[in-house]
Amino acid sequence: MQSSPVASDHQIPAFPRSFWVANAMEIFERMGWYGFYAVSTLYLTAPIAEGGLGLSSKDRGVIQGLSTFFLYFFPALFGTLADRYGYRLMFSLSALVMLPGYLLLHLPHSFYGFFLVYILVACGHGMFKPVVLSTIVKTTNEQNGTLGFGIFYMMVNIGGLLGPLIAGIVRGWSWDYVFYASAFWIGLMGILSLLFYREPPHQRKEESLNTVLLRMVAVIGNARFFALVIGMLMLLVLGSKWWSFGRAATVAVGWLLFHLVWDLLLRLGRAPQRAPWYLQKLSVGEGRYLLFLLLMSGFWTCENQLAMTLPEYIRDYVDSSDLVRTFSPLAGWVSGLFAKLGIDTSSWSKALLAQGRVKPEHLINLNSLGIIFLQVVISYAARKLPPLVTIVSGVLLTAASFLLFVPFGKHGTGWLVVVGVLSYSVGEMMASPKSKEYAGRIAPPDKVGLYMGYFYLCVALGNLFGGLLSGTAYQYLGPRGLDRPDLLFVLIATLAVGTALLLWLYDRWLRSAPIAK
């Protein structure tokens, strides 16, 4: 979706067929993913008697955090395979992984069973993501690229809107239909790839997967620093479910001290010139950029609370009957109109309502609806603002949207959620696009491609941190804990404000110590 520049009449036909097929495939792939993801919080924590898995909020957070982390981590690897073996093959393989994955998702009734299948689904989506983006890049040019990516992101949001909408409707009859619907959309995506997709011209690379992994490690640092970071992330995950927080923190401190002491010993001694990785001193890669990605992961951590935490809050604390009363005259008019046509609408309420209240996924879906209709307006209004100003303003607005819930606490209303979700969406529309622009601007001229290629590491980390925070916080502050949802929103808003402040300080630091050109 894009407003500037305005397309001339000859621009749209200039896009080849592969461009339009890829966009159609993107809609179905997003419908498949968001169709279940939007209701995953509800399914994972719903009682077994109601068709859910009956998991705790902590277990739910671990599943969501790890699966979405891998979803955004895998593209760096699968993109290389696509460049080597072909886009069309990778599209087909992704469908072959996703479709049975969704069909299998309704079978497991335990944490580990569901987690393993969901990781398989995330793997399939991770295979799809880099190939569709590469197709858009290869089928656009400098003249129509802005319009082309505008169209592409419109398709992303259309899929993100329709998937949850349909999932919310069909789960009124059975949760199984949610998984069948996602599998159906992926099936349509696979058919498009087989029958209509034609691979755009591109030079196939013979780069090995090992080379890609080594380059990824080099961005973070040398192998020892990479091992340090991965170890800390693993301990964070262990402390969210399998270990106590105290045990995980103790081991984390020990892990960090081990590396620091080992590094000190290496610096005091004389390591061989070509020492193995464990005998090398700690070395950070693109340190300034990694710090930016870490700070931006704070924004994505807060952003993920919309889909991970808010559905549980709406289910447990929000009485949206005020929305039902507001729109009941319209619903009555629609029912009367169909009654005149001989159509019985008595069961239609299952599509939108549960126990007389609006289903959480439909309220959350206002986020996608807002982005579809407001992104161009917000982008145009912020076009002349410096990227950092727009990012910080957007993050602060998301903080304000969460603070709206604090005074209501356990007595939320439907209109409160509507205002909160839409105000949050404006903040997201300000911060998310500009963060990519800012990343490109702080990069040295010879490293722009490198910086942009690994930008989604902050999204991956934000999903991991967001899932773990959501599950743990709701477990302790929700109805099965202290029953203080107001403190939950204070926590999220505080994280957002802290992220905005640190981003501002980071920018001032960069300006005082500019990157060498």
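Bear in mind the structure is a predicted one, so any value in this text is a computation, not a measurement. (Residues numbered from 1 in each chain as written. Predicted model: local features only at pLDDT ≥ 70, side-chain atom pairs only at ≥ 80, totals over all residues. Heavy atoms only, no water.)

S.K.: Just checking my understanding: could you explain the overall build of the protein chain for this structure?
M.R.: The helix and strand tally for the protein chain stands at 22 helices and four strands. Relative to the globule expectation of 24 Å for 517 residues, the C-alpha radius of gyration of the protein chain, 24 Å, shows essentially globular dimensions. Overall, the protein chain is about 90 × 60 × 45 Å in size when its C-alpha atoms are taken along their principal axes. A buried classification covers 52% of the 517 residues belonging to the protein chain. Long-range contacts, defined here as pairs at least 24 residues apart, represent 83% of the contacts in the protein chain between residues at least 6 apart. (Helix = DSSP H or I, 4+ residues; strand = E, 2+ residues; numbered from the N terminus. Rg over C-alpha atoms; globule rule 2.2 N^0.38 Å. Buried < 20%, exposed > 50% of the residue type's maximum accessible area, 1.4 Å probe, protein only. Contact = heavy atoms within 4.5 Å.)

S.K.: Please explain the nonpolar core as it appears in this structure.
M.R.: Membership of the largest hydrophobic core comes to 133 residues, with the highest contact counts inside it found for Phe36, Tyr102, Leu105, Phe114, Tyr118, Phe292 and Leu310. Top element by residues in this core is helix 5 (residues 111-138). It accounts for 14 residues. Ignoring anything within four residues of it in the chain, the contact list for Tyr118 reads Trp33, Phe36, Tyr37, Ile63, Ser67 and Leu105. If you look at the next biggest cluster of nonpolar residues, it comprises five residues, including Ile220, Leu228, Leu282 and Leu290. (Core = buried A, V, L, I, M, F, W, Y, C linked by side-chain atoms within 4.5 Å.)

S.K.: For this particular structure, what's the right way to read helix 7 (residues 176-195)?
M.R.: Working note: α-helix, 3.6 residues per turn, so residues spaced by three or four point in the same direction. Between its terminal C-alpha atoms helix 7 stretches 29 Å, which fits the 28 Å expected from 20 residues at 1.5 Å a residue. Among all positions of helix 7, only Val178, Phe179, Ala181, Ser182, Ala183, Trp185, Ile186, Gly187, Met189, Gly190, Leu192 and Ser193 are buried. (Expected span 1.5 Å × (residues − 1).)

S.K.: What should I look at first to understand a nonpolar patch on the surface in this one?
M.R.: Nonpolar side chains collect at one region of the surface, where Met232, Val253, Leu256, Leu257 and Leu260 lie side by side and expose about 410 Å² of accessible area between them. Relative to the helices and strands, Leu257 resides in helix 10 (residues 245-268). (Patch = residues over 30% accessible without salt bridge, like charges linked within 9 Å, V, L, I, M, F, W, Y side chains within 5 Å. Areas by Shrake-Rupley, 256 points an atom, 1.4 Å probe, with all protein chains shown as cover. Salt bridge = Lys/Arg side-chain N within 4 Å of Asp/Glu carboxyl O.)

S.K.: Sorry, what's going on with the confidence of the model for the protein chain here?
M.R.: As a note on interpretation, predicted positions should not be read in detail where pLDDT is low. Summing up the model confidence of the protein chain, the mean pLDDT is 89 and the portion of residues at 70 or higher is 94%. Taken element by element, the protein chain is modelled with least confidence in helix 20 (residues 448-453), mean pLDDT 70, and with most confidence in helix 13 (residues 310-317), mean pLDDT 97. Note that pLDDT drops below 50 for residues 1-13; the model gives that stretch 24 contacts with residues more than four away or on any other chain. (pLDDT = per-residue confidence, 0-100.)

S.K.: How do you make sense of the packing of helix 9 (residues 223-240) against helix 10 when you look at a structure like this?
M.R.: Two quantities define a packed helix pair, namely the angle between the helix axes and the distance between the axes. Running from amino to carboxyl end, helix 9 crosses helix 10 at an angle of 170°, the nearest separation of the two axes being 8 Å. Relative to helix 10, the element helix 9 is oriented roughly antiparallel. The residues of helix 10 that touch helix 9, namely those facing Arg224, Ala227, Leu228, Gly231, Met232, Leu235 and Gly239, are Phe245, Ala248, Val251, Ala252, Trp255, Leu256, His259, Trp262, Asp263 and Leu266. Residues belonging to the contact of helix 9 with helix 10 are distributed by class as follows: 12 nonpolar, three polar and two charged. (Axes fitted to C-alpha atoms, helices over the stretch in contact; angles between N-to-C directions. Parallel < 35°, antiparallel > 145°, perpendicular 65-115°, else oblique. Nonpolar A, V, L, I, M, F, W, Y, C, P; charged D, E, K, R; others polar.)

S.K.: What's the story with unusual backbone geometry in this structure? I'm lost.
M.R.: Positive phi is not limited to glycine here, since Gln355 has a value of about 60°. Along the chain, Gln355 falls in the loop between strand 2 (353-354) and strand 3 (357-358). A relative accessible area of 80% places Gln355 in the exposed class. One non-glycine residue, Asp483, adopts positive backbone phi at about 60°. Given a relative accessible area of 25%, Asp483 falls into the partly exposed group.

S.K.: Got a minute to help me understand the packing of aromatic side chains in this structure?
M.R.: The way to describe two aromatic rings as a pair is by their centre distance and the angle between their planes. The final tally for this structure, using the stated rule, is 43 aromatic pairs. Ring centres of Phe36 and Tyr118 lie 5.6 Å apart, and the angle between their planes is 85°; on these two criteria the pair is classed as edge-to-face. Of this pair, Phe36 sits in helix 1 (residues 17-45) while Tyr118 sits in helix 5, and the two are 82 residues apart along the sequence. The same class applies to Phe36 and to Tyr118, which are both buried. Here the aromatic rings of Tyr289 and Phe292 are separated by 6.3 Å at their centres, their planes lie at 25°, and the arrangement is stacked. Of this pair, Tyr289 and Phe292 are both found in helix 11 (residues 287-303), three residues apart, which corresponds to roughly one turn of the helix. Here the two residues Tyr289 and Phe292 agree in accessibility, since each one is buried. Every member of this aromatic cluster is reached through a ring pair, and the members are Trp33, Tyr34, Phe36, Tyr37, Tyr43, Phe114, Tyr118, Trp175 and Phe179. For Lys241, the ring lying beneath its charged end belongs to Phe111, and the centroid distance is 4.3 Å. The ring of Trp242 has Lys241 sitting right over it, with the charged end atom 5.8 Å from the ring centre. (Phe/Tyr/Trp six-rings, centres within 6.5 Å; stacked < 30°, edge-to-face > 60°. Lys NZ or Arg CZ within 6 Å of the ring centre and 35° of its normal.)

S.K.: Would you mind showing me how to read the environment of Tyr197 here?
M.R.: When you line up the elements, Tyr197 lands in the loop between helix 7 and helix 8 (209-220). Along the sequence, Tyr197 and Ser18 sit 179 residues apart, while their C-alpha atoms lie 5.6 Å from each other. In contact with Tyr197, not counting residues within four places along its chain, are Ser18, Val21, Met25, Tyr87, Arg88, Phe91, Thr135 and Leu192. For Tyr197, the side chain forms a polar contact with the side chain of Thr135, separated by 2.8 Å. (Polar contact = N/O pair within 3.5 Å; in protein donor to acceptor, adjacent residues only side chain to side chain.)

S.K.: Sorry, what's going on with the environment of Leu120 here?
M.R.: Residue position: Leu120 is located in helix 5. Through-space distance from the C-alpha of Leu120 to that of Gly101 is 6.3 Å; in sequence the pair is 19 residues apart. Among residues more than four places away in sequence, those in contact with Leu120 are Val97 and Gly101.

S.K.: How should I be thinking about the packing of helix 18 (residues 387-403) against helix 19 (residues 414-442) in this particular structure?
M.R.: At a closest axis distance of 7 Å, the pairing of helix 18 and helix 19 adopts a crossing angle of 155°. Overall, the two elements helix 18 and helix 19 adopt an arrangement that is roughly antiparallel. The handedness of the crossing between helix 18 and helix 19 is left-handed. Taken together, the residues that form the contact of helix 18 with helix 19 break down as 11 nonpolar, nine polar and four charged. (Left-handed = near helix turned anticlockwise from the far one by under 90°.)

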